[in-house]
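# Tertiary structure, described
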Amino acid sequence: MDATLIAVFFKAALVGLLIAAPVGPIGLLTMQRTLQRGWLAGLATGMGAALADALYGAIGAFGVSWLTQALVQAQTPLALGGGAMLLYLAWKTWQAPVAERVAPASDARDLLGLTAGTFLLTLANPATIISFIAVFGSLGGGLQHAPSPLWMVAGVLAGSAAWWLALTTVIAWQRHRVTPAARVLINRASALLLAGFALWQWLSLWRSLHP
């Protein structure tokens, strides 16, 4: 295997890891769903974000600059839509009943829905777009001219997925120590934080439009 391709893969994986690791609304959702619904539900949530990161990686790898500019220019509708989705998830999380025992999500359609929802939420988050452009620009000088752009996309997906796999595995491992009463408090705190992320997103949008 060409050493250049290996280097491209690991640099791209670092980009995916750096984008996924900071705690934000997606990380919060992933942790809450792992505690509430089990490891598969948490991993499905995280993988939706990983797929969205890979899509942004593909945009950069294949040099689709016009699409990057279009995403940046579409920050207003994306911020409004993403904030609304976060508020809806906050309401659902607040209202979610907590059973004495965790009922894992195992239905394929349910897991696919969790993945798709997080995928759309990640795409609708302007912070993700800006962060990806910034990190990609600082690390990816040579990546845009990589011999095979698919290696870069695979690297971003692998780095992001590795983070979500590690995070959900650790939380699922310790999940049995969390009592139902504690999960109620975690759900309520998660709902408030998700609502806070939504309001912060809208406030940031308002400030950008009214400097």
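Everything below is about the structure shown above.
All of these numbers come straight from a predicted model, not from anything done at the bench.

## Regarding the overall build of the protein
Along its length, the protein carries nine helices and zero strands. The N-to-C order of helical and strand elements in the protein reads α-α-α-α-α-α-α-α-α. Residue burial in the protein is summarised as follows: out of 211 residues, 42% are buried. Taking all contacts inside the protein whose residues are at least 6 apart in sequence as the whole, residues at least 24 apart take part in 91%.

## Let's talk about the packing of aromatic side chains
The full count for this structure, using the stated rule, is three aromatic pairs. Summarising the aromatic geometry, the rings of Phe9 and Trp151 are spaced 6.2 Å apart at their centres and angled 85° between planes, so their arrangement reads as edge-to-face. Here Phe9, found in helix H1 (residues 3-20), pairs with Trp151, found in helix H8 (residues 149-174); they are 142 residues apart in sequence, far enough to count as distant. Here Trp151 falls in the partly exposed class, since its relative accessible area comes to 25%. With a centroid separation of 6.4 Å and 35° between ring planes, the pair formed by Tyr88 and Trp91 is classed as tilted. One end of the pair, Tyr88, and the other, Trp91, are both in helix H5 (residues 75-95), three residues apart, so they sit about a helical turn from each other. An aromatic cluster of three or more residues is present, and its members are Phe9, Phe10 and Trp151.

## Considering helix H9 (residues 180-209)
Taking 1.5 Å per residue as the helical rise, H9 with its 30 residues ought to reach 44 Å, and the 44 Å between its terminal C-alpha atoms agrees with that figure. When H9 is considered as a whole, its buried residues turn out to be Arg183, Asn187, Ser190, Ala191, Leu194, Ala195, Ala198, Gln201 and Leu205.

## As for the packing of helix H2 (residues 25-37) against helix H6 (residues 108-123)
The contact between H2 and H6 brings their axes to 11 Å, and the two run at 165°. Relative to H6, H2 is oriented roughly antiparallel. Relative to H6, H2 is oriented so that their crossing is right-handed. Only Asp110, Leu114, Thr118, Leu121 and Thr122 of H6 make contact with H2, whose side of the interface consists of Ile26, Leu29, Arg33 and Arg37. For the contact of H2 with H6, the per-class residue count stands at four nonpolar, two polar and three charged.

## Remarks on a nonpolar patch on the surface
Where nonpolar side chains cluster on the molecular surface, the patch consists of Leu14, Leu17 and Leu18 and spans about 230 Å² of accessible area. Positionally, Leu14 belongs in helix H1.

## Quick notes on the pattern of salt bridges
Following the criterion strictly, the structure yields one salt bridge and no others. Between Asp110 and Arg37 there is a salt bridge, with the nearest N and O atoms lying 2.3 Å from each other. Separated by 73 residues along the polypeptide, Asp110 in helix H6 and Arg37 in helix H2 bring together distant segments of the chain. Using a relative accessible area of 26% as the deciding quantity, one classes Asp110 as partly exposed.

## Describing the nonpolar core
A general trend in soluble globular proteins is that nonpolar side chains are found buried together. Within the largest apolar cluster, 19 residues are counted, with the highest numbers of intra-cluster contacts made by Ile26, Leu29, Leu86, Leu89, Leu121, Trp164 and Leu194. Among the elements of the structure, H2, helix H3 (39-61), H5, H8 and H9 are those that each provide at least two residues to this core. Contacts of Trp164, omitting those with residues within four sequence positions, involve Ala20, Ile26, Gly27, Thr30, Leu43, Gly46, Ala49 and Ala50.

## Notes on H8
With 26 residues, H8 should reach 38 Å at 1.5 Å per residue; the first-to-last C-alpha distance of 39 Å fits that figure. Among the residues of H8, Met152, Val153, Gly155, Val156, Gly159, Ser160, Ala161, Trp164, Leu167, Thr168 and Ile171 are the ones counted as buried.

## Quick notes on the side chain of Thr115
Along the chain, the position of Thr115 falls in helix H6. In this view, Thr115 contacts Ala44, Met47, Gly48 and Leu51; residues no more than four positions away in its chain are not counted.

## With respect to the packing of H1 against H8
Orientation of H1 relative to H8, taken along the N-to-C sense of each, is 40°, at an axis distance of 6 Å. On the basis of the axis angle, H1 is oblique to H8. Along this stretch, H1 crosses H8, giving a crossing that reads as right-handed. Across from Leu5, Val8, Phe9, Ala12, Ala13, Gly16, Leu17 and Ala20 in H1, the residues of H8 making contact are Trp151, Met152, Ala154, Gly155, Val156, Ala158, Gly159, Ser160, Trp163 and Trp164. Its residues placed into classes, the contact of H1 with H8 shows 14 nonpolar, four polar and no charged.

Procedures and definitions
Residues numbered from 1 in each chain as written. Predicted model: local features only at pLDDT ≥ 70, side-chain atom pairs only at ≥ 80, totals over all residues. Heavy atoms only, no water. Helix = DSSP H or I, 4+ residues; strand = E, 2+ residues; numbered from the N terminus. Buried < 20%, exposed > 50% of the residue type's maximum accessible area, 1.4 Å probe, protein only. Contact = heavy atoms within 4.5 Å. Phe/Tyr/Trp six-rings, centres within 6.5 Å; stacked < 30°, edge-to-face > 60°. Expected span 1.5 Å × (residues − 1). Axes fitted to C-alpha atoms, helices over the stretch in contact; angles between N-to-C directions. Parallel < 35°, antiparallel > 145°, perpendicular 65-115°, else oblique. Left-handed = near helix turned anticlockwise from the far one by under 90°. Nonpolar A, V, L, I, M, F, W, Y, C, P; charged D, E, K, R; others polar. Patch = residues over 30% accessible without salt bridge, like charges linked within 9 Å, V, L, I, M, F, W, Y side chains within 5 Å. Areas by Shrake-Rupley, 256 points an atom, 1.4 Å probe, with all protein chains shown as cover. Salt bridge = Lys/Arg side-chain N within 4 Å of Asp/Glu carboxyl O. Core = buried A, V, L, I, M, F, W, Y, C linked by side-chain atoms within 4.5 Å.

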